[in-house]
Each structure stands twice: as structure tokens, then as C-alpha cells.
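A closer look at the structure
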4 protein chains.
Amino acid sequence: MIKVGIVGGTGYTGIELLRLLARHPQFAVTEITSRGEAGLRVDALFSSLRGAVDLVFTAPDPARLAACQLVFFAAPNGTAMGMARELLAQGVKIIDLAADFRLKDPEEWTRWYGIPHACPELLSEAVYGLPEWNRADIRAARLIANPGCYPTATLLGFLPLMRAGLVDADSLVADTKSGVSGAGRAAEVRSLFAEASDSLKAYGVGGHRHLPEIQGILRQAAGTELSLTFVPHLVPMVRGIHATLYATLRTPEVDLQGLYEDYYAQEPFVDVLPAGACPETRSVRGSNLCRLAVHRPQGGRRVVVLSVIDNLVKGAAGQAVQNANLLFGLPEGLGLDGIPLSP
Amino acid sequence: MIKVGIVGGTGYTGIELLRLLARHPQFAVTEITSRGEAGLRVDALFSSLRGAVDLVFTAPDPARLAACQLVFFAAPNGTAMGMARELLAQGVKIIDLAADFRLKDPEEWTRWYGIPHACPELLSEAVYGLPEWNRADIRAARLIANPGCYPTATLLGFLPLMRAGLVDADSLVADTKSGVSGAGRAAEVRSLFAEASDSLKAYGVGGHRHLPEIQGILRQAAGTELSLTFVPHLVPMVRGIHATLYATLRTPEVDLQGLYEDYYAQEPFVDVLPAGACPETRSVRGSNLCRLAVHRPQGGRRVVVLSVIDNLVKGAAGQAVQNANLLFGLPEGLGLDGIPLSP
Amino acid sequence: MIKVGIVGGTGYTGIELLRLLARHPQFAVTEITSRGEAGLRVDALFSSLRGAVDLVFTAPDPARLAACQLVFFAAPNGTAMGMARELLAQGVKIIDLAADFRLKDPEEWTRWYGIPHACPELLSEAVYGLPEWNRADIRAARLIANPGCYPTATLLGFLPLMRAGLVDADSLVADTKSGVSGAGRAAEVRSLFAEASDSLKAYGVGGHRHLPEIQGILRQAAGTELSLTFVPHLVPMVRGIHATLYATLRTPEVDLQGLYEDYYAQEPFVDVLPAGACPETRSVRGSNLCRLAVHRPQGGRRVVVLSVIDNLVKGAAGQAVQNANLLFGLPEGLGLDGIPLSP
Amino acid sequence: MIKVGIVGGTGYTGIELLRLLARHPQFAVTEITSRGEAGLRVDALFSSLRGAVDLVFTAPDPARLAACQLVFFAAPNGTAMGMARELLAQGVKIIDLAADFRLKDPEEWTRWYGIPHACPELLSEAVYGLPEWNRADIRAARLIANPGCYPTATLLGFLPLMRAGLVDADSLVADTKSGVSGAGRAAEVRSLFAEASDSLKAYGVGGHRHLPEIQGILRQAAGTELSLTFVPHLVPMVRGIHATLYATLRTPEVDLQGLYEDYYAQEPFVDVLPAGACPETRSVRGSNLCRLAVHRPQGGRRVVVLSVIDNLVKGAAGQAVQNANLLFGLPEGLGLDGIPLSP
């Protein structure tokens, strides 16, 4: 078994990593840290894990983490960059589920995240962990920037169009909707049941941190400048992201359904629905799948792509495990064959 | 008191009309029909109305309805057009909350609704009941086509831009989200709690019946051809519509906040939020209000308008009462001053 | 207009008081306090009140509050008792929506609330503000202890049985279910959407603070010792309390339906449903009503009473306004005729 | 692989059986029937199963079903009894997830289910499929009556008390709460999102079909007559049952925590929580677990047991797979080690 550690295990990505890793045949979690809950049994905090996880939270200790072959950072932004150098130096691989290594330019990072970057020299080495985008690089990496949830859903939806160069560069709109678990397990008024339930609202319209991350990859994929309008919304559901993507075709002559089916033909975790279908977020709940549909209303020039993922799985912990499988040369889908829970 | 009848009172627009009219100082519901529930007390079906509504459902009877001064049709599409001629001939005013009189062209109507129109000669007379669009016509009308819920939210959001001629005609996108009550009280699998809860999906991407209704008014407002991409989504909440509207500015020099504030300065039921705000659907729950915000992400060429209404009030029964007030020369807001219920 | 103040206006009982008082024909809120939000417009915090409430939060100032004829305390436990003496001395009437004056015995109060009582001499004067229990005392009072939400639903359900002396004193069980707004607007992990949604749990089984409050009144009503088993549950809904009450009849010969209908025949806010019916919480949403049903499964000795209220209205702010009407000799239902919002 | 068939696969127990069996190492579903959907791919109806289930619904055909070694009936009451004789005669084992074989007395069955029983001679042979109650009988059976969801949660909670003879026979109350999926996938108004959401109500207070099923087993366990008051409630959540059970101790001297821990010490799917804890339904979501807690408020004579299951797993499909494992001599937990999905 490969020894893995989790730094910051008290949030929703932490509990989801534990759920997936507890049944993984090759990874064994030997260390899970939390400053606030050190000494507490994990299943005392997360009763759903009783009988499945036999671990106690410890205070973060680099020496103990260095005994792992892989460390997942499921902690707030700014945590991984504080320990990455030291762990990498000791041969530990790292997957950061937060944002520390998602952008290449440290100044842009600081502009969006508000603090200086602690190890800018690692930014060029870090590999963006979207296997459908750069699987080969991930296999060879030692430091993975696990993508954000909105970026995963949005990029998987837009990539075939970008690669094919079919759409106007300034026509891109991503209207995205997320369940409330995307806001994390922090105690904030806006995430209360009585605030978020039976209501919907947009937020971050002026600029959301996932925008530069998405735009960066889209530009690489398209090979041109482009601008994206990105509007996230908060939806009264626990899990799930639905990205509704709009773009304008340069030319009307194109088989979009064929394009998408071909592009993802070999991908184990991307499912292109039949023409005319609309994916629902619950159809991927608890699984590492992304389901996509591509539409062209009234046969016009505008393309509409619908993309759904579970924000905690393909949008976070599941994708991290997929990346971990790649890092260690394991079958990519190992431990990720859970069927979505529906209803 | 002005005598009013309701045809088809067993759906959600019916119960909402009753809630509003039961406290209205000038209208008295004297007749409420339902083929299926004739003989049943209204409050036996809708226990929330116990003590407030003392009526019994009757089978629809033109003679009894003709004793009313105003009849609301809260029935399925195709019902009002079967009785409109006869009632109008007897001097009864009509507000149809369904779609029978929303389009001007009977052939277009048939294309979208699948049946021939029963009284095409009334289509030109019927007035589209969006007071913020054509209040004067409503005052003078005897037959009102009450707007759909999506059209109300979308039109109120787009009208200032259209009137000002500020945006590209082919850049319009309406990404709209509706609570499940918008699907009505019909027993359908897709509307079950266990189907619609904790999930989100798009539907009708290929073409929704509200599209021609919206497009028709937008064209009038803009005075030009234009095309709209309209994608509705089903959200796990009971009430509420959130329209997220996108358009591309022709010129960067424009004060959008001022434009919207001026346009709606005199409107009692449209509230333009301060710059930077995002309305939430619950902020209008149970009220006849539409709250709007206008954004321009990163100061670019794309405008994003956020528009929320309660689909059963401003999107149906409340707007119908507003229209009724106008029809009878009453203060426009009479009986509509309820404050939104939040949380 | 009677001038009223609200101390602690940033919670859910505060916003609900504002909603009700904004349309009240005799009360005018002239002062609303919040230490944390002083200087902020109320409608900047609660967007649902835009256009209806034109107030700014101020820091609590006894001198300004003394200019009111009535002060509602919608603040945490322990707040009202710190200001009550001074305000009463200046002729201000007080309605405390928290627990400071709900128990008669200061030692028992301290046992449940963990701090010494600041003005024990006022406990005997304070009147428990359940109008259906002691309307006459309320009319004559100057200090009202507004009942808790669970106590209101439970007491209204049990009182007819207690008064009639029909059931075994040690057979009482109150299995109660509350929406999440009952936990207030405080940022706590357990109240997060992602924690409370799509789940149900009991809590406080060992002893909940509402137990002594309920037991005290039940004992007075029964005129005997008795013990109650009280188990509250957290339900994934925003508003609503459903109390399911169990007791064992001493004698099988009794017309329970008649007993309840007679007991509440003159009560404007208690609705006894027809035999066999089951009230749903949404049938009272947003209203000051309590709906009750009484059952006797299989004609046996066990009585089952079902009682529903909106925890924020009849369980808090609505009952407070009802008490305020009584305090000032106004019609008891003034400003409380809103019809429940359903669906 | 053991060939299994599913009769009536279009409901929620059907889809859940498919989810569990698709990853089961010893069972292979070779036949799934639906009169209404014959010819349709299963994953066209249930998109969550795309990529995991490669089956087409067929019209029910006894000859094809007879080729299976085991048939699950996930169909309405009255279906299994029409085919049981024929299948058993051909050596096929049967697990009925509906109610046809849950009661022993055909007259009692008819009284509750309203139709004559089609094969009363099989009632005595049928084994009630609650492994924690009669595992040995299940192993030897060929016809299993899979328990109802409420009975599973209630019986697992009450059995230790009944076996120990500790409580008054007429003191039993089961206040039970169920998610809406318990009402099935039938299109009924009461199960609509807009009806069931944000509300809670009791139902079936006069007599629910699960009452005789529960009472029958409790009497066997206690070895005496007893009567139970059983009140189910509908909760706005998709999955989950929470049974809150009340009984009065005969004697105060008893270690309830020890009793429960000992009783279930060897049970793989029953988890007794530490003293003082309260289980939440989501802690078992998607899993075959029952979590229990036992309380004695204020140290009095009344016991309160809290019992939670996922109604579609331990309350239906999961328990059916557990029974199937026993029927075929497989490890009891095979294919049932999924960890609950939380949040």
C-alpha cells in the first residue's frame, strides 16, 4: 500500500477524500492533520465514516508527513505553498486541492488571492491536474495543482470547441451553478440553510477567482487570446455543478455531436449524452463523472454546452484520486468506480 | 366590490390568486370553477386558505361567469380561447394567465402550442399585460394576455437596453432558472420531490414556448430584428425565477446603472439594486416585485443583467391583479403591498 | 402611532418583526439596535425589506429606547434582563422574545441558562405571553415573556387535554420537529445548508431549555405534578414546527374532537382541523396561525395531537405582535391577517 | 455469476437494486422487466446508470425469469404473489421487496391491502427477511419477504428492549419520519416538489400498513401481547428514515447502553452510537447501515431510541441484497460496503 497523508481534513474535500481512499486498493491514509481538531477521532467529527475510517486528527508535522509518499492538501489557499518545498525535497509527491499552484504567474496569483506567493519557483513545475487536458504531464509530475470545481466543469465543456477553433474568441459565456457544499464547511451566514435554501442568486459577477484559471487553459487550448464572461450562481442543493456554456460558431457547417463524441471517446470519466439530452447534476452525484451535452438551438450560430459534475468528486477529491493514480502508475480509475447515487 | 370569477382554480396560480384576492379591498371572488373538484370546498383542497376563503368549486358555467365583471383564466392553455368570445360579448373583462393570447400571429401560436387557435380575431385586440411595457393599453383593454413567468423576468431585465439601442442584436442570451412550482400542480414524474430535489438541469434548450413571446416584445422594443438564445433550468426551490441576461454593448461609453435607475424610477414594482449587488430570488418571495441588478464584468463590453421575480406573483397571479387594478381604474398596487417572506 | 423599538434586530425574529410591523396600522418602529451593524441601513442587510423599511441600525442606547412606548427584545438570552428595570421605570413596556422571563424560579433559570438572573424580582411580575392561556393577564401587564416556539406548539396542543384532566400525568410525550430557522441566524456549522439539508436528526434529548417552560405551564393547567418527555428534531425546511403529542387517556369515553373544537371556538389564531385530517407546516407559513388535529389511532387509549405553527410568527414575532396589540388595547389580530404562503 | 432477474425495475427500489448489483461480484442481472417501458434501455430512463448498466427493459415473461436463479420483485404489492408459485416450482428463489409475504395471516393481509391473497399457502413458508432477527431462517429459505422501510428502522430499534422484556407492553410509541422517496416514483400530487418541499406533516395516523408488520414481530420478540402507536411523517428530504421510539421501563435498574452494544456486537450493519449521541439520517445515506442511539432523558423511566436507515438501502434494496447473499451462502456483506455519502 502507498502511504498517503491529508493536510486539512475537516472540510468537505477532506471527508470526500477519506470516503474514496478508504476503499482504494492501493492507497492507505496514514496521516490526517487538523490544527483545530488534533486528538479527535475522525469518525467523531464525521459520523458517516464510523466503521470505515480508523484515524485520529494530528497537528500538522512535516516530519510525519514526510513519511508519506503522497500528501493531499485539502486545506485553505496558502497552506500547500508553505510546505511544498520541504516535502518535495524529501521525495514526497503533492496534490494541492486548493489554488496555490493553479496559475503560472505569481503576480497574477497575488492579484486574485491577495497575498504574495511563497514559492513562485515551483509554479512553472506544477502541473494542472486535469487528466483530459494533460494526462502525460501529470504522470511525470511530482506537484499537481488540482483544478477548481467550476474550471473542471467549464473546461471539459469548452475544450473540444477551443481545440477545433470553431468559435469566436470573444463570444464565450459560462453561466455556472453550484451547490452550497462548494462554499466549504466554514461557518458563514451566507451558507446557512435558512439563507441558502429555497433561493438562488448570482455572486462574484465582477470577478471570481476561477476566472483566470479557466481563461488561462482556454487560451492555451485555442492558441489565441480570448475573453470569457463567467457568472457563478449559488443553488439550493448540496452537491453538483452545472455549467451552461455559450459560444458563437464561426461557421455553420459543423457536426458538434460528432466532435464531442470523438474528442472524449477514450475518456473513462467523460460521458457525452445523445443529441437532444440535458444532463442533471444528480446523475453524477457521488461519482467522478462529467456528463456533457451539446446543443444548437434552432440550428443557429450559437452553441450551448451543458456540463455537470459533482463538485466534491470530479470537482475536487475524485479528480485528486484520479491524479494520484496517474502519479503512481496505477490504473487511472482505481477506486473511482462508484455509481452515482440517484435519487 | 367588483365581482370576479376564476376559471381553473386548482393549480398554483389559482391558489395564489385566491390568496391575493382574499385581502383585496375592491375585488370579491364570487365564482371559482374546476371540472374535477366541483362541489368541493376550496379550503378542503388548499388548507392554507382555511378561514380566509369561503368558496366551493363549481363546474364551469358561462352563465354564472357572465355575472362577473372580470374573469381570470388560471387554466391550461386552450381554455380561455374557448370562452373568451362569449364572455366579452356580455361585457365581462378577461385576464388569461395562460398563453392563448400572448402571440399576435395565429400560425405562430399553432406552431408552438400544437392546436389551431379558436378565436384568432381576438389576437390583435388582446393586450400583453406587462404594465411596465404598455400600461396605457392595459387600462383601455378588455382582454389581457398575462405574460409568462420567464418572459416577465427576462423582459424587465432587457427592456432598458433594447429601448436605448445599446447592444448587438444577435448577442442576446437569457440563461434562466425557475423553481419547480413553475411546472404547475400536475402530477408528473419529473416534478416529484425525489426527482427535482438536490439537482439542477436545463430543459427545452431546443425551443421553449416562452421564446417567441419574449422575442416578439424585444423586437418591438428594439425596433429591429434580433435573435435570443433562451435556456431555462429547473432549480430545487419552490418559487422564484432568476434570469441571467447577457448582451454585448455596441459602445463602451454608457452609464448602465443610471440607465436602469432612470428607466424604472417611477415603477412601483421594479427595484433596481445598487451597483455591484446581486438579487436573490427569496428577496421577492410572495411579493409582486422584480429586483434587478446590472453588471459589466471587468469593465468589458459584455453586460450582465440579473433579474428576479416570484414566478407565482409577478410572474402570474400578482401581475394579473396588477392588470386587474389597471383595467378597473384602481390604484395599481391595490392589494399587492405584501412584503416578501424571508427567510 | 405607537412608537416601538427593537433591540437586536439582525436575527430572524428581528426581520420578521420588521415585516409584520411595517404594515401594522398602529405601531411604528422608530428605533432598531444592533451593536455589530450600527450605521448600516436595515435593508442593506435584509434586501427583502427594500422599499418597506426605512431604518438604520443604531447602537443600543437606553435613552433613545426610553422614547419608545414599547420595546421588543429580539436579542440573545440575557439581553432583556440587563435593560428591563431601567426601561420599565421610565414607563416603557417590554416584550422579550428570548427566554429571560419565561421561568418563575431564578434558580431553575440559572440551572438551564447557565448564568445568574440579573433581575429576579421581575420574574413574578412577568406574564407568559400565550394569549390562549392567559389573555387577561397579558392585557394588564407591562413585561411580557414571549413563549418559545416549541412551547407554543406543544402547549396549544396539550392544553385542552390538561384542562379537562383526561390523561395520565406520566404518559406525556412531545416529539417535535423544527425547521432550521429555529436555530437562528448565527453562523454555526451545524446550521449550514450542506449540514442540515437532506437529513434529519434529533438533538437535545437529554434536556432542552424549552422543557421546563412547557412543563411549568402544563402543571398549572393540569393542577398536578406531571412529567413530559420532550424530543426535538431538526428538519430540512426553513420555517415550521410540527409537534406530535402523545398521551394516554384515563377513560375511553370522551369526544376529543368536540373537546378541541369547543376549547378553541373563540380563538382567532387556533384552527382545529376536521376529524381525520393532518396539518402540514406549510399551511401556516408566514402566518400567526396554529392548526391542530386530534387523533385516536384504532380507537385505543392513546391520543395523538398534531400541532403546527410557523416558528418565526406564532412561535416568535407574530405572537409578540399579538401580545403588543393586547398590551395597548388594540384589536388582537391587528396587522396579523396575512394568509399563509403556499406552496 | 449467479443469474438474477428484477421484476418491476422502474421505481426507486429498482434503480437502487441495479446500482448495488452492478458492482456485486457474484450476482449478474440478466433480466429486468417493466410492462410500460419494455424495449427501452435502462440507462435511458435512469441516466445515473449510463456506463454501469447495459440492459433493456422487457415485458415480464415467466419463462425468461425462470432462467434466473433468483428473482427480486421491486414491483407494486400484489405482483409477486401472482408469479411466486410458478417460479418456486422451477427452483427460482424469490425476494419480494413489496408486502405480499410480510404477514402470516391471509385475512389480516386482505384487511390491510384490500385484495384477496393469491397464494395463502406460501405465507407460512415465507421468511421475514430481517437478518438481525432471523438470519438462520433466511439462509434456509427460498421465499423472502423483504421488510418494509419503517419496520426495519423500528424493529432494529425496539428488538433489544423487547427481547430483554424490559418495558411496559402498552407504552410503545414509534414516531417515524421518512424522506419522500419512500412514497415511490409514482406521479402523485402529494409527492410533488412544490407540495412536499419546505414542509412536514404526519399521515396515516389512523392506521398505516406497516403497523401490523411491526407489531407482529414485536409480539414474537416480546413473547406477549402488546400494542404500538405508530405515526409516520413525511419529511422534505429524498432518502432516510428516522424512527424515534418511546417506551416505559418496568424497572429503573438497567444499563441500556450496554444492552444495545451487546445485542448488536456481531452485527455488520448495525452501529450503536456512543452514549449521548444522536444519529442523523445522512450518516447512512446510500449505505446498508442502521445507526442507533439509546437515551433516557433526565434518568427517568422513559427510554428513547433513535434509529436511522436509508429507506432505499437497508430499508429496501440493500437489505434485499443482504438477504440474497445469505440465500446463496455468500459473505453477508458482499457488494454492500459502500460508505455513506455525506454531505
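This text follows the structure it describes.
These lines cover the structure that appears in this document, whether it is placed above or below. (Residues numbered from 1 in each chain as written. Chains lettered and ligands numbered in written order. Predicted model: local features only at pLDDT ≥ 70, side-chain atom pairs only at ≥ 80, totals over all residues. Heavy atoms only, no water.)

1. Section: the relation of the copies chain D and chain C
- In the superposition of chain D on chain C (RMSD 0.0 Å, axial shift 0.0 Å), the rotation amounts to 180°. In the structure described here, the two chain copies are related by an operation that fits a two-fold rotation axis. Scanning chain D for the C-alpha nearest the rotation axis identifies D:Pro236, at a separation of 3.2 Å.
- Looking at the interface residues of chain D, 100% of them are also at the interface in chain C, so both copies use one shared face. (Least-squares fit on C-alpha atoms with pLDDT ≥ 70 in both. Contact = heavy atoms within 4.5 Å.)

2. Here we look at the interface of chain D and chain C
- Chain D puts 43 residues into the contact, and the matching count from chain C is 43 residues.
- Of the roughly 3500 Å² buried between chain D and chain C on both sides combined, carbon and sulfur atoms contribute 52%.
- Considering only the side of chain D, the residues that lose the most area to chain C are D:Asp198, D:Leu200 and D:Arg302, jointly responsible for 18% of the buried surface there.
- At the boundary of chain D with chain C, the tally comes to six salt bridges.
- Across the salt bridge formed by C:Glu195 and D:Arg282, the nearest N and O atoms sit 2.6 Å from each other.
- Mapped onto the side of chain D that touches chain C, the elements with two or more residues apiece are β7 (172–179), α8 (193–196), β8 (201–202), β9 (228–235), β10 (241–248) and β13 (302–309) of chain D.
- Of the residues in the side of chain D that touches chain C, the class split is 20 nonpolar, twelve polar and eleven charged. (Buried area = accessible area lost by both parts, 1.4 Å probe. Salt bridge = Lys/Arg side-chain N within 4 Å of Asp/Glu carboxyl O. Helix = DSSP H or I, 4+ residues; strand = E, 2+ residues; numbered from the N terminus. Nonpolar A, V, L, I, M, F, W, Y, C, P; charged D, E, K, R; others polar.)

3. Section: the environment of A:Arg64
Residue and element names in this part refer to chain A.
- Position of Arg 64 among the secondary structure elements: in helix α3 (residues 62–66).
- Taking the C-alpha atoms as reference points, Arg 64 and Tyr 128, separated by 64 residues in sequence, lie 26 Å from one another.
- Beyond its immediate sequence surroundings of up to four residues, Arg 64 is in contact with Glu 31 and Thr 58.
- A distance of 2.8 Å separates polar atoms of two side chains, one belonging to Arg 64 and the other to Glu 31. (Polar contact = N/O pair within 3.5 Å; in protein donor to acceptor, adjacent residues only side chain to side chain.)

4. Quick look at the sheet that holds strand β10 (residues 241–248) of chain C
Residue and element names in this part refer to chain C.
- The strand order across the open sheet formed by seven strands is β8-β9-β7-β10-β13-β12-β11, and the pairing between neighbours is mixed. Because the sheet does not close on itself, it has two edges, and the strands there are β8 (201–202) and β11 (270–272).
- As judged from the three bridges shared by β11 and strand β12 (residues 290–295), these two strands associate in the parallel manner. For Val 270, the partnering residue across the bridge sits in β12 and is Cys 290. (Pairing = 2+ DSSP bridges.)

5. Considering the packing of helix α7 (residues 149–164) of chain C against helix α11 (residues 313–327) of chain C
Residues and elements named next belong to chain C.
- At a minimum axis distance of 8 Å, the contact between α7 and α11 shows a crossing angle of 100°. Overall, the two elements α7 and α11 adopt an arrangement that is roughly perpendicular. In this structure, α7 contributes Cys 149, Thr 152 and Leu 156 to the contact, and α11 contributes Lys 314, Gly 315 and Gln 319. (Axes fitted to C-alpha atoms, helices over the stretch in contact; angles between N-to-C directions. Parallel < 35°, antiparallel > 145°, perpendicular 65-115°, else oblique.)

6. Here we look at the packing of α7(C) against helix α9 (residues 210–222) of chain C
All names here are of chain C.
- Two numbers describe how α7 lies on α9: the axes approach to 10 Å, and their chain directions differ by 20°. With respect to their mutual orientation, α7 and α9 come out roughly parallel. Crossing hand, α7 versus α9: right-handed. The segment α7 lies against α9, with Cys 149, Tyr 150, Pro 151, Thr 154, Leu 155, Phe 158, Leu 159, Met 162 and Arg 163 engaging His 210, Glu 213, Ile 214, Ile 217, Leu 218, Gln 220, Ala 221 and Ala 222.
- Looking at the contact of α7 with α9 residue by residue, the class counts come to twelve nonpolar, three polar and two charged. (Left-handed = near helix turned anticlockwise from the far one by under 90°.)

7. What about the environment of A:Arg285?
- With respect to the helices, strands and loops of the structure, A:Arg285 is situated in the loop between β11 (270–272) and β12 (290–295).
- The spatial distance from the C-alpha of A:Arg285 to the C-alpha of A:Asn311 is 8.9 Å, given a sequence separation of 26 residues.
- Dropping the residues within four chain positions of it, A:Arg285 is found in contact with A:Arg239, A:Asp310, A:Pro340, A:Leu341, A:Ser342, A:Pro343, B:Ser197, B:Asp198 and D:Leu341.
- A polar side-chain atom of A:Arg285 sits 2.8 Å from the main-chain carbonyl oxygen of A:Leu341.
- Polar side-chain contacts of A:Arg285 include one of 3.0 Å to the backbone oxygen of B:Asp198.

8. Observations concerning the relation of the copies chain B and chain A
- Note on the copies: chain B fits chain A at an RMSD of 0.0 Å, the axial shift is 0.0 Å, and the rotation between them is 180°.
- Most of the interface of chain B is mirrored in chain A, where 100% of its interface residues are also at the interface.

9. What about the packing of aromatic side chains?
- Applying the stated criterion across every chain, the model contains 18 aromatic pairs over all chains.
- With 4.9 Å between their ring centres and 75° between their planes, A:Tyr263 and A:Tyr264 make a pair best called edge-to-face.
- The exposure class assigned to A:Tyr264 is buried, which follows from its relative accessible area of 3%.
- Here D:Trp109 and D:Tyr113 contribute two aromatic rings whose centre-to-centre distance is 4.9 Å and whose plane-to-plane angle is 25°, an arrangement assigned as stacked. Of this pair, D:Trp109 and D:Tyr113 both sit in helix α5 (residues 106–113), four residues apart, which is roughly one turn of the helix. (Phe/Tyr/Trp six-rings, centres within 6.5 Å; stacked < 30°, edge-to-face > 60°. Buried < 20%, exposed > 50% of the residue type's maximum accessible area, 1.4 Å probe, protein only.)

10. Digging into the interface of chain B and chain A
- Between chain B and chain A, the contact holds 43 residues from the first and 43 residues from the second.
- The three residues of chain B that bury the most area against chain A are B:Asp198, B:Leu200 and B:Arg302, which together make up 18% of that side's buried surface.
- In this assembly, chain B and chain A are joined by six salt bridges.
- Where chain B touches chain A, the interface holds 30 residue pairs in polar contact (both at pLDDT 80 or more).
- When residues of the side of chain B that touches chain A are traced back to their parent elements, those giving at least two are β7 (172–178), α8 (193–196), β8 (201–202), β9 (228–234), β10 (241–248) and β13 (302–309) of chain B.
- Element by element, the count of residues in the side of chain B that touches chain A is highest for β7(B), at four residues.
- Considered class by class, the residues forming the side of chain B that touches chain A number 20 nonpolar, twelve polar and eleven charged.

11. Here's the deal with the environment of C:Ala247
Residues and elements named next belong to chain C.
- Relative to the helices and strands, Ala 247 resides in strand β10.
- With relative accessibility at 1%, the residue Ala 247 sits in the buried group.
- For the pair Ala 247 and Arg 291, spaced 44 residues apart in the sequence, the C-alpha separation amounts to 19 Å.
- Non-local contacts of Ala 247, meaning those with residues more than four positions away in its chain, are made with Phe 158, Leu 161, Val 167, Ser 171, Leu 172, Arg 301, Arg 302 and Val 303.

12. A closer look at the side chain of B:Glu280
- By the secondary structure assignment, B:Glu280 is in the loop between β11 (270–272) and β12 (290–295).
- Among the residues examined, B:Glu280 registers a relative accessible area of 15% and is labelled buried.

13. Some thoughts on the pairing of strand β4 (residues 93–96) of chain A
Residues and elements named next belong to chain A.
- In this structure, strand β3 (residues 70–73) lies alongside β4, joined through four bridges in parallel fashion. Its bridge partner being in β4, Phe 73 is matched across the sheet by Asp 96.
- In terms of handedness, the path from β3 via helix α4 (residues 80–89) over to β4 forms a crossover that is right-handed.
- The sheet contact formed by β4 and strand β6 (residues 143–145) spans three bridges and is parallel. (Right-handed = clockwise from strand over helix to strand, strands pointing away.)

14. A word on unusual backbone geometry
- Cis geometry marks the peptide bond from A:Ser342 to A:Pro343; its omega dihedral reads 0°.
- The phi dihedral of D:Asp198 is positive, around 50°, even though this residue is not glycine.
- Inspection of the secondary structure puts D:Asp198 in the loop between α8 and β8.
- Residue classification places D:Asp198 among the buried positions, given a relative accessible area of 9%.

15. Examining the pattern of salt bridges
- One pass over the full model with this rule turns up 96 salt bridges over all chains.
- The shortest N-O distance in the salt bridge between B:Asp310 and B:Arg239 comes to 2.9 Å. Of this pair, B:Asp310 sits in the loop between β13 and α11 (313–327) while B:Arg239 sits in the loop between β9 and β10; the two residues are 71 residues apart in sequence, bridging distant segments of the chain.
- Using a relative accessible area of 4% as the deciding quantity, one classes B:Arg239 as buried.
- A salt bridge links C:Arg64 to C:Glu31, with the shortest nitrogen-to-oxygen separation between them at 2.8 Å. Taken as a pair, C:Arg64 in helix α3 (residues 62–65) and C:Glu31 in strand β2 (residues 27–33) lie far apart in primary sequence, 33 residues in all.
- Since its relative accessible area comes to 5%, C:Glu31 is described here as buried.
- Among the charged side chains, a salt-bridge network with shared partners connects A:Glu16, A:Arg19, A:Arg239 and A:Asp310.

16. Overview of the sheet that holds strand β3 (residues 70–73) of chain D
- Read from one edge of the open sheet, six strands run β2-β1-β3-β4-β6-β5 (chain D), paired in parallel fashion. The open sheet has two free edges, formed respectively by β2 (27–33) and β5 (127–128) of chain D, since each of these has just one partner strand.

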